[in-house]
Amino acid sequence: MTLVAISRDDVDDSRSFARDYGIEFPLISDLDGAISKALVGIDDQDHSIPGVVVIRRDGVIAFRQIAKSKDDRLTARALLEAIDRSLGTSGELARTRHPALERAQLRLETGGGQVRIEDRWQATGVSRFGILIPLQRYLFAGAAIASEYREARLSLQGSIGVRVPILADLAAIQLSGEAGLPISAPGVYAGLRLGLWFAWTPRWAVNLDGTFGVHDAGRVDALPGWSASLGVARLLGR
């Protein structure tokens, strides 16, 4: 979190004020009042109205207090409590709000593995593009277009699974069951997927997955295989 003070004083006066009072956070000189007008307003004497504004990284105002005077502004303790309530960084809201877990993931991943053909394991490549949708804290579902290169198989896959949130809800370990309908080759696909994903920014995550599955499931000539893949995910929503 970045703390910034805004005033109508010029730059030199702001520097002197910061030096006299030992202020180390940035002071912004708003001479024309444009910032004040956008955030808290201007009174009929062209003075900035005192207030406190909390702005999220995406530019959305999460909290705003308009004061009657400078002395009527929130105390430091009250301000921190307001920030916690607004952003969900403590209290009941923080315990029930899981931003990364609540977001859908648009995923692209690629990797390699092996498929068993005529009693021999042969190397292959895999790729997958799909979406993962959280159903609740411990449950998710997904859909994807997946390809397996050696047998030139392209399929539409659906999955449902469970997850264990870790690292303060910035990551999760997941286990899911998958089933797929072929697009370019006959036979149904069924498999299990174990994965780990980590959100390194509010918008992006990386994932590592291991899969064991069977093409042409239920047939005598079914093709079992395994793969490991690495991917990147765009987190959707707020």
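Visitor: Help me understand the overall build of the chain in this model?
Guide: Each helix and strand in the chain was counted, giving five helices and twelve strands. Seen along its three principal axes, the alpha-carbon backbone of the chain occupies a region of about 85 × 35 × 30 Å. For the chain, the residues scored as buried account for 33% of the 238 residues in total. Pairs at least 24 residues apart make up 43% of the contacts formed inside the chain by residues separated by at least 6 positions. Approximately 14,600 Å² of the chain is accessible, and the part contributed by carbon and sulfur atoms is 60%. Once the 28 positive and 28 negative side-chain charges of the chain are each reduced to a mean point, those two points are 5 Å apart.

Visitor: Mind showing me how you'd approach the sheet that holds strand 8 (residues 153-166) here?
Guide: Hydrogen bonds between backbone groups are what pair the strands of a sheet, and the pairing can be parallel or antiparallel. If you trace the eight strands once around the closed barrel, you get 5-6-7-8-9-10-11-12, paired in antiparallel fashion. Ignoring strand direction, the axes of neighbouring strands in this sheet form an average angle of 25°. Bridge count between strand 8 and strand 9 (residues 171-182): twelve bridges; the pairing is antiparallel. Opposite Ser155, over in strand 9, you have Pro182 as the bridge partner.

Visitor: What is the right way to look at a nonpolar patch on the surface in this model?
Guide: On the surface, a cluster of nonpolar side chains totalling about 960 Å² of accessible area is made up of Leu106, Leu108, Phe129, Leu167, Leu170, Phe198, Trp200, Trp204, Val206, Val232 and Leu236. Of all the elements in the fold, those that place two or more residues in the nonpolar patch are strand 5 (104-117), strand 11 (204-215) and strand 12 (223-236). The topology assignment puts Leu167 in the loop between strand 8 and strand 9.

Visitor: Quick question: what am I supposed to make of the confidence of the model for the chain here?
Guide: Low pLDDT marks regions whose predicted coordinates should not be analysed in detail. On average, residues of the chain score 85 in pLDDT, and 92% of them are at 70 or above. Across residues 92-97, where pLDDT falls below 50, the model places eight contacts with residues more than four positions away in sequence or in other chains.

Visitor: Would you take a moment to explain the pairing of strand 7 (residues 139-148) for this structure?
Guide: Side-chain direction in a regular strand flips from residue to residue, so the side chains alternate between the two faces of the sheet. Alignment of strand 6 (residues 120-136) against strand 7, held across ten bridges, turns out to be antiparallel. Note that in strand 7 the partner of Arg128 across the bridge is Ala146. Counting the residues in the hairpin turn of strand 6 and strand 7 gives two residues. As paired elements, strand 7 and strand 8 share ten bridges and run antiparallel to each other. When the bridges of strand 8 are listed, Ala143 appears paired with Gly158.

Visitor: Would you take a moment to explain unusual backbone geometry for this structure?
Guide: The phi torsion of most residues other than glycine is negative, and most of the peptide bonds are trans. Here the phi dihedral of Asp46 falls at roughly 65°; this positive angle occurs in a residue that is not glycine. If you trace the backbone, Asp46 turns up in the loop between helix 2 (34-39) and strand 3 (51-55).

Visitor: Looking at this model, I keep getting lost on the nonpolar core. Mind explaining?
Guide: Nonpolar side chains in soluble globular proteins tend to end up buried together. In terms of nonpolar packing, the biggest core is built from eight residues, these being Ala100, Leu101, Ala172, Trp197, Ala199, Ala205, Ala233 and Leu235. Of all the secondary structure elements, the ones that give two or more residues to this core are helix 5 (99-102), strand 10 (189-199) and strand 12. Those residues within four positions of Leu235 in sequence are excluded, and the remaining contacts are Arg103, Ala104, Gln105, Ala199, Thr201, Pro202, Arg203, Trp204 and Ala205. Of all hydrophobic cores here, the second largest spans six residues; its members include Val54, Phe63, Ala82 and Ile83.

The rules behind each value
Residues numbered from 1 in each chain as written. Predicted model: local features only at pLDDT ≥ 70, side-chain atom pairs only at ≥ 80, totals over all residues. Heavy atoms only, no water. Helix = DSSP H or I, 4+ residues; strand = E, 2+ residues; numbered from the N terminus. Buried < 20%, exposed > 50% of the residue type's maximum accessible area, 1.4 Å probe, protein only. Contact = heavy atoms within 4.5 Å. Areas by Shrake-Rupley, 256 points an atom, 1.4 Å probe, with all protein chains shown as cover. Lys, Arg positive; Asp, Glu negative; His and termini not counted. Charge placed at Lys NZ, Arg CZ, Asp CG, Glu CD. Pairing = 2+ DSSP bridges. Axes fitted to C-alpha atoms, helices over the stretch in contact; angles between N-to-C directions. Patch = residues over 30% accessible without salt bridge, like charges linked within 9 Å, V, L, I, M, F, W, Y side chains within 5 Å. Salt bridge = Lys/Arg side-chain N within 4 Å of Asp/Glu carboxyl O. pLDDT = per-residue confidence, 0-100. Core = buried A, V, L, I, M, F, W, Y, C linked by side-chain atoms within 4.5 Å.

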